[in-house]
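A structural walkthrough
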Amino acid sequence: MSANRQRTLGGGGQHVLDYLKRMQAENPAFFYAVQGDSDHSAGNIFWADAACRMNYSYFGDTVTFNTTYRTGGYRVPFASFTGVNHHGQPVLFGCALILNESDSTFTWLFQTWLQAMSGCCPISITTDPDQVIQVAVTQVLPETHHRFCKWGIFRETQEKLADIYQSHPTFETEFKKCINESETIDEFESSWESLLGRYYVMNNEWLQSMYSARQQWVPVYMRDTFFGEISVTDKSGGNLYFDGHLTAMTTIQMLIKQYEKAVASWHDKELKADYDTTNTTPVLKTPSPMEKQAGNLYTRRIFMKFQEELVETLANPATKVDDSGTITTYRVAKFGHDHKARTVSFNSFEMKASCSCQMFEYSGIICRHVLAVFRAKNVLTLPSQYVLKRWTRNAKTGAAVDERASDLPNNTQESLNVRYNNLRQEAIKYVEEGAKSIHIYNVAMDALREAASKLAAAKNQSSGPTHGRALSNGASQELHAAEGTQTQTYQSADMKEKKIQEMTAELENINHRSEVYRSNLLAVLKDIEEQKLKLSVKVQNVRLSLKE
């Protein structure tokens, strides 16, 4: 990549900026920022709507920064921050248009994105294997575990070793198997050495450089860090969120429309997954109380992954190999696969277990080896420390607040941002819960009206408004964010009343949509019942005819 690659958007750039300004005017929680020249014709742009910021508060433990536009001749330099929700679906944390790829661009972008996310750093981040991005991540997110996207490396390997791929069709399959299926570091090292020797590529410079960086992209070296992957087929780093919506042929004029389609599509998929989890009963495969417990806790997809691990305990017996009192060590292996045995240490006092496979640390779902030990120790229910809330059906309940809020001085902009985000999240929770039924809707409306009265009273008693400094990120940059205008937006009781009225209207709109969905569902159920009745009549007629 060039150290200073410049792109322009032409007239389409202003179209994007006008859209972002309109969205912020409609929702103060919408955040966008521009870096570059004063007329914004060639400046980098970042934005994150209220849903992005809310989702990050629940699922911001692992992040993927995707820059697919840098490959394949994309017409729009579109990048995205994504994660994974409680259904294992991709979820959006922000978007960017990168027009000026200078050395400082990605540092600015990560700083701006982190600011929009209230300064909360993720546990892990996955990016393309690019030196400039690596420097930016190291500078802005020094405590975050940085991983290179293995699918990006697979893609580059195919380009760098095109001759070998063509002359040896089996190389790609064996290469990916070496990376994805090695269960221990020793197994990977042995498999890698064997692979290179078999295809006579021991001295290939590309493979040597990839081997040197193996600790940042080969899964077996990162099993102790949470990345939220629940299967080896997860294409971390792939542009799954916008797959089918944004392509190499997408123009800047088409961008916003396709962006909104992708957002709406994934919102609908999450609603469907929510409905399936809430309104269908999981099919249990064992009499284990733990399986029933997991069925009630997890979302449907995560439960199915847990269930798969639980069923596998039947073929993976645990054998005690050491007992030092509090800590008991077990050897767990599948029948006939003793060479792939795992070691599990179990602390009976703290009800904690650690497995050499480190599946729980990597994916947040307990492995078959630990479950086999629990089975041997007659542990009938999952200990609470092995149920990550982010995988449960209640992942988005409760206030997701910045725990550092109480440590911030009252007169800082950061504190203002935290207070604003916390209030916004609580308000959205009222909207989501209030739309579920007429009774809850009425309760929520009464609570909002009471809150409006208390706010007005508190405003009148206040000695004066709290002023915060305007957001700024340098003389050559502008930050157009909700936080920069929060103090002015809520300085008067009239504006507060207006905001409550807007929320009330939104609540009524959502309630109306909820009623429409309910009516449609009832119509479908009614149709099903009618079909069942018709079928029953047909069956009865057949029986009568047979008797005759």
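Residues numbered from 1 in each chain as written. Predicted model: local features only at pLDDT ≥ 70, side-chain atom pairs only at ≥ 80, totals over all residues. Heavy atoms only, no water.

**Quick word on the overall build of the protein chain**
Put simply, the rule reads: Helix and strand labels come from DSSP, where a helix needs a run of H or I of at least four residues and a strand needs a run of E of at least two; each type is numbered from the N terminus. It only takes one pair of heavy atoms within 4.5 Å for two residues to be counted as in contact.
Secondary structure assignment for the protein chain yields 18 helices and 14 strands. Contacts spanning at least 24 positions in sequence make up 64% of the contacts within the protein chain whose residues lie at least 6 apart.

**Some words on helix α2 (residues 50–59)**
Condition: A simple rule labels every residue: compare its accessible area, found with a 1.4 Å probe on the protein chains alone, to the largest value its type can have, and call it buried under 20%, exposed over 50%, or partly exposed in between. Pairing of N or O atoms within 3.5 Å defines a polar contact, subject to two protein rules: one partner must be a possible hydrogen donor and the other a possible acceptor, and residues neighboring in sequence count only if both atoms are side-chain atoms.
Taken across its ten residues, α2 has eight buried, putting it largely inside the fold. Listed as buried for α2 are Ala-50, Cys-52, Arg-53, Met-54, Asn-55, Tyr-56, Tyr-58 and Phe-59. The N-capping residue of α2, defined by a side-chain oxygen 3.1 Å from the backbone nitrogen of Ala-51, is Asp-49.

**With respect to the sheet that holds strand β10 (residues 318–323)**
This is how the line gets drawn: Note on pairing: DSSP must find at least two bridges between two strands before they are called paired. The axes used here are C-alpha line fits, helices contributing only the stretch in contact, and every angle between their N-to-C directions lies in the interval 0 to 180 degrees.
Strand order in this open sheet of four strands is β10-β11-β12-β13, and the pairing throughout is antiparallel. The sheet terminates laterally at β10 and β13 (352–355), the two strands that pair on one side only. Adjacent strand axes in the sheet meet at a mean angle of 25 degrees when their direction is disregarded. In this sheet, strand β11 (residues 327–332) lies alongside β10 in antiparallel orientation, the contact comprising five bridges.

**Examining the packing of aromatic side chains**
Where we set the bar: Here a Phe, Tyr or Trp ring, Trp counted by its six-membered ring, pairs with any other such ring whose centre lies within 6.5 Å, and the pair is stacked when the planes are under 30 degrees apart, edge-to-face when over 60, and tilted otherwise. Should the NZ of a Lys or the CZ of an Arg lie within 6 Å of a ring centre and within 35 degrees of the ring normal, that charge is described as sitting over the ring.
Here the structure, examined in full by the defined rule, presents 31 aromatic pairs. Taking 5.5 Å as the distance between ring centres and 65 degrees as the angle between the ring planes, the aromatic pair formed by Tyr-165 and Phe-171 counts as edge-to-face. Both residues of the pair, Tyr-165 and Phe-171, count as buried. Measuring from centroid to centroid gives 5.1 Å for Phe-360 and Tyr-386, while their planes differ by 70 degrees, and the two rings are edge-to-face. You can see Phe-360 sitting in helix α13 (residues 359–363) and its partner Tyr-386 sitting in the loop between α14 (368–376) and α15 (413–434), a full 26 residues away along the chain. Overall, the relative accessible area of 17% leaves Phe-360 in the buried class. Residue Tyr-386 is classed as buried on the basis of its relative accessible area, which comes to 6%. Aromatic ring contacts, followed pair by pair, group Trp-151, Phe-154, Tyr-165, Phe-171, Phe-175, Phe-188, Trp-192, Tyr-199, Tyr-211 and Tyr-221 into a single cluster. The ring of Phe-227 is capped by Arg-147, whose NZ or CZ atom sits 4.0 Å from the centre of that ring. Taking NZ or CZ as reference, Lys-269 lies 4.1 Å from the ring centre of Trp-266, over its face.

**Concerning the side chain of Asn-55**
Looking at the element boundaries, Asn-55 is found in helix α2. With near-sequence residues (within four places) excluded, Asn-55 lies in contact with Gly-60, Val-91, Leu-92, Phe-93 and Lys-396.

**Quick notes on the UniProt feature "domain: SWIM-type" (unreviewed entry) in the protein chain**
Quick note on the threshold: UniProt positions are given in the numbering used here, feature names are shortened, and annotations may be inferred rather than shown by experiment.
When the UniProt feature table is mapped to this numbering, "domain: SWIM-type" (unreviewed entry) covers residues 342–378. Structurally, residues 342–378 is divided into 38% helix and 27% strand, and its ends, taken at the C-alpha atoms, are 20 Å apart.

**With respect to the pattern of salt bridges**
As a reminder, the rule being used: Any Lys or Arg side-chain nitrogen found within 4 Å of a carboxyl oxygen on Asp or Glu counts as a salt bridge.
As enumerated under the stated definition, the model contains 18 salt bridges in all. Across the salt bridge formed by Arg-368 and Glu-308, the nearest N and O atoms sit 4.0 Å from each other. Placement of the pair is Arg-368 in helix α14 and Glu-308 in helix α12 (residues 300–312), with a sequence separation of 60 residues. With a shortest N-O distance of 3.5 Å, Arg-368 and Glu-312 are connected by a salt bridge. With Arg-368 in helix α14 and Glu-312 in helix α12, the pair connects residues that are 56 residues apart, well separated along the chain. We classify Glu-312 as partly exposed; its relative accessible area is 22%. Taken together, the shared-partner salt bridges connect Lys-305, Glu-308, Glu-309, Glu-312 and Arg-368 into one network.

**Here we look at unusual backbone geometry**
One can expect most non-glycine residues to show negative phi and most peptide bonds to be in trans. If you check the backbone angles, Gln-358 has positive phi at about 60 degrees while not being a glycine. In this structure, Gln-358 sits in the loop between β13 and α13. With relative accessibility at 27%, the residue Gln-358 sits in the partly exposed group. Look at Asn-378: it is not a glycine, yet its phi comes out positive at around 60 degrees. Tracing the backbone shows Asn-378 in the loop between α14 and α15. Classification of Asn-378 by relative accessible area gives exposed; the value is 56%.

**Some thoughts on the packing of helix α11 (residues 289–297) against α12**
In helix packing, the relevant descriptors are the interaxial angle and the interaxial distance, both defined with respect to the helix axes. Where we set the bar: These descriptions rest on fixed angle ranges, namely under 35 degrees for roughly parallel, over 145 for roughly antiparallel, 65 to 115 for roughly perpendicular, and the rest for oblique. Should the near helix be turned anticlockwise from the far one by less than a right angle, the crossing is left-handed, and should it be turned clockwise, the crossing is right-handed.
Where α11 contacts α12, the axes come no closer than 9 Å and their chain directions differ by 165 degrees. Considering the angle they form, α11 stands roughly antiparallel to α12. As α11 runs across α12, the sense of the crossing is right-handed. Between α11 and α12, the residues in contact are Met-290, Glu-291, Ala-294 and Gly-295 and Phe-303, Phe-306, Gln-307 and Leu-310, respectively.

**Looking at the nonpolar core**
In plain terms, the rule: We call a set of buried residues a nonpolar core when its members are Ala, Val, Leu, Ile, Met, Phe, Trp, Tyr or Cys and they connect through side-chain atoms within 4.5 Å of each other.
Counting residues in hydrophobic clusters, the biggest one holds 57 residues, and the most contacted among them are Phe-46, Trp-47, Phe-65, Phe-106, Phe-110 and Trp-113. Here this core takes seven residues from helix α3 (residues 105–116), the largest share from any one element. Setting aside anything within four residues of it in sequence, one finds Phe-110 in contact with Phe-65, Phe-81, Ile-125, Ile-133, Ala-136, Val-137, Val-140 and Leu-141.

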